[in-house]
Amino acid sequence: MSRKVLLIEDEPNITEAIRFLLTREGWQVETHAEGTDAVQIILSAQPDLVILDVMLPGKSGMDVLRDLREYEEMKALPVLMLTARGQSRDREMAEQAGVSRFMTKPFSNAEVLTAVRDLHAQASQS
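What counts, and at which threshold
Residues numbered from 1 in each chain as written. Predicted model: local features only at pLDDT ≥ 70, side-chain atom pairs only at ≥ 80, totals over all residues. Heavy atoms only, no water. Buried < 20%, exposed > 50% of the residue type's maximum accessible area, 1.4 Å probe, protein only. Helix = DSSP H or I, 4+ residues; strand = E, 2+ residues; numbered from the N terminus. Arc of directions from axis to C-beta. Contact = heavy atoms within 4.5 Å. Pairing = 2+ DSSP bridges. Axes fitted to C-alpha atoms, helices over the stretch in contact; angles between N-to-C directions. Core = buried A, V, L, I, M, F, W, Y, C linked by side-chain atoms within 4.5 Å.

### Considerations on helix 3 (residues 61–68)
Residue pairs spaced three or four apart in an α-helix point in one direction, given the helix's 3.6 residues per turn.
At step 1: Within the span of helix 3, buried status applies to Gly 61, Met 62, Val 64, Leu 65 and Leu 68. In an axial view of helix 3, the angular spread of the buried residues amounts to 160°, which keeps them on one side of the axis.
At step 2: Buried-residue contacts for helix 3 involve helix 2 (38–45), strand 3 (49–53), strand 4 (79–83), helix 4 (88–97) and strand 5 (101–104).

Here it is in C-alpha cells:
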C-alpha cells in the first residue's frame, strides 16, 4: 500500500524536517509552498494525507481547506493543519472548514509522527 503525503508549507526548515522524518518512516513526501494553486496540486497528487500550514503565500491554509472540502472525493482526505498561532479561534475555524487534526508549532517529531500515523490508520479503516 502506497503511503503518500503532500506537505504544503512555505518554511523551508519545517519542510525539510518533516520530509526527513516521514521519508524515514517509509512515506513518499511531495512538497508545495504556495497557497494559490494548492487545491489543484492536491487534486492532481491524490495523496493519502495532506499536511497544510495555515499561513501560506497567496491563499491561507483555511481557504485551501474550505475549497478542498467542496470536492466530494476530498471530503474524507485526512488533513493535518499546522499553525504558529494556536488560538482557539483558529482551531474552531479549522474544524468548521473540515480539518482532521490541528497542531501548533513548534511541535516535536514524535507529535508529527503520531498524528500522521493516527490519521492514516483512521482513513484506512473507513
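Back to the text.
### Points about helix 4
At step 1: Listed in full, the buried residues belonging to helix 4 are Asp 90, Ala 94 and Ala 97. All buried residues of helix 4 project into a common sector of 60° when viewed along the axis, lining one side. The outward face of helix 4, more than 90 degrees from its buried face, is lined by the exposed residues Ser 88, Arg 89, Glu 95 and Gln 96.
At step 2: Tucked inside the fold, the buried residues of helix 4 contact helix 3, strand 4 and strand 5.
At step 3: A positive phi of about 105° marks Gly 98, the residue just after helix 4.

### A closer look at the sheet that holds strand 4
At step 1: Taken together, the five strands give an open sheet; going across it, the order is 2-1-3-4-5, and neighbouring strands pair in parallel fashion. Every other strand in the sheet has two partners, leaving strand 2 (28–32) and strand 5 as the edge strands with one partner each. Going from strand to strand, the sheet's axes swing by 20° on average, the running direction of each strand aside.
At step 2: Pairing analysis gives five bridges linking strand 1 (residues 4–8) to strand 2, with the strands arranged parallel. Paired with Leu 7 across the bridge in strand 2 is Thr 31.
At step 3: Helix-sheet contacts for helix 1 (residues 12–24) involve strand 1, strand 2, strand 3 and strand 4, and the interaxial angle to strand 2 is about 165°.
At step 4: Most of the contacts of helix 3 go to strand 4, to which it runs at about 165°, and overall it touches strand 3, strand 4 and strand 5.

### Notes on the environment of Gly 58
At step 1: Relative to the elements of secondary structure, Gly 58 occurs in the loop between strand 3 and helix 3.
At step 2: Judged by its relative accessible area of 68%, Gly 58 falls in the exposed class.
At step 3: Taking C-alpha positions, Gly 58 is 8.4 Å from Asp 37, a pair spaced 21 residues apart along the chain.
At step 4: Beyond its immediate chain neighbours, meaning those up to four positions away, Gly 58 contacts Glu 34 and Thr 36.

### A few points about the nonpolar core
At step 1: Core analysis: the biggest nonpolar cluster contains 22 residues, and Ile 8, Ile 42, Val 50, Leu 52 and Met 81 have the highest contact counts within it.
At step 2: In contact with Ile 42, other than residues within four places in its own chain, are Leu 6, Ile 8, Pro 47, Val 50, Val 64, Leu 68, Met 74 and Leu 77.
At step 3: Ranked by size, the runner-up nonpolar core spans 18 residues in total, among them Ile 18, Leu 21, Trp 27 and Val 116.

Read these as spatial facts, not as claims about activity.
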